[in-house]
Amino acid sequence: MKLKENRLEAFIERCRQEGLKITPQRIAVYEILLGSKSHPTVEEIYEEVKKRYPFVSLATVYRTVETLEQVGLAKKVCYWGSSARYDANTDDHHHIICVGCGAIRDIYIDRNLDIPPEVDGFRISGYSVNVYGLCPDCRQKAQPST
Ligand SMILES: [Zn+2]
Ligand SMILES: [Zn+2]
């Protein structure tokens, strides 16, 4: 992953190009997403931004996350329940998802999946694997108390 400062600069540059105002709230949205490993929903990002900027609106956070996605600085990871989860780690990586609580973590698998360059007429641009399981917390909770 590129240095955080570089990525912030890239974001500011893209906001300029998109004609979006660069506000401290917008910067905070990206900073929070960059600093998070939990793949938050827009609502979760909003709750964090609100701690710093109590008057920020959910619409601003939505718009900012959408812009991040459009310019390739954030990725929609998957839907868990009804909310999309976002990731500022745009490197190729895979996810391990807890079926108990929905926690999502990055995993890097060495194994090459050997995906051909073309599948069913699709030209392949990338792939990502979701691995499901129970996280340590949920495993502990699932254990019968003695
Ligand atoms: Zn869990
Ligand atoms: Zn991730």
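The rules behind each value
Residues numbered from 1 in each chain as written. Chains lettered and ligands numbered in written order. Predicted model: local features only at pLDDT ≥ 70, side-chain atom pairs only at ≥ 80, totals over all residues. UniProt positions renumbered as here; feature names shortened; annotations may be inferred. Domains from an automatic or database assignment. Core = buried A, V, L, I, M, F, W, Y, C linked by C-beta atoms within 7 Å. Buried ≥ 20, exposed ≤ 12 C-beta atoms within 10 Å, placed from the backbone. Helix = DSSP H or I, 4+ residues; strand = E, 2+ residues; numbered from the N terminus. Pairing = 2+ DSSP bridges. Axes fitted to C-alpha atoms, helices over the stretch in contact; angles between N-to-C directions. Parallel < 35°, antiparallel > 145°, perpendicular 65-115°, else oblique. Left-handed = near helix turned anticlockwise from the far one by under 90°. Contact = placed C-beta atoms within 7 Å. Nonpolar A, V, L, I, M, F, W, Y, C, P; charged D, E, K, R; others polar.

As recorded by an unreviewed UniProt entry, the protein carries the name Transcriptional repressor and is attributed to Aquifex aeolicus. Recorded under Sequence similarities (unreviewed entry), the UniProt text for the protein is reproduced unchanged: "Belongs to the Fur family."

### Observations concerning the domain arrangement of the protein
In terms of domains, the protein is made up of domain 1 (4–75) and domain 2 (94–142). When each unit is reduced to the centre of its C-alpha atoms, the spacing between domain 1 and domain 2 is 25 Å.

### Describing the nonpolar core
Counting residues in each nonpolar core, the largest one holds 19 residues, and the members touching the most others are Val-29, Leu-33, Ile-45, Val-49, Val-61 and Val-65. Among the secondary structure elements, those contributing two or more residues to this core are α1 (4–18), α2 (24–35), α3 (42–52) and α4 (58–70). A per-element tally of this core places α2 first, with five residues.

### Considering the pairing of strand β3 (residues 94–98)
Two elements, β3 and strand β4 (residues 104–107), share four bridges in a ladder whose sense is antiparallel. Each residue of the ladder has a partner; that of Ile-97, found in β4, is Ile-104. Between β3 and β4, which pair antiparallel one after the other, the connecting turn spans five residues, and Gly-102 there sits at a positive phi close to 85°. Alignment of β3 against strand β7 (residues 130–133), held across four bridges, turns out to be parallel. Pairing of Ile-96 across the sheet is with Val-131, part of β7.

### Regarding the packing of α3 against α4
Packing of α3 against α4 brings their axes to within 9 Å, and their N-to-C directions diverge by 120°. Compared by their axis directions, α3 and α4 come out oblique. Read as a crossing pair, α3 and α4 show a hand that is right-handed. Residues Val-42, Ile-45, Tyr-46 and Val-49 of α3 form the contact with α4, whose participating residues are Leu-58, Val-61, Tyr-62 and Val-65. Each residue belonging to the contact of α3 with α4 can be placed in one class, and the counts come to eight nonpolar, no polar and no charged.

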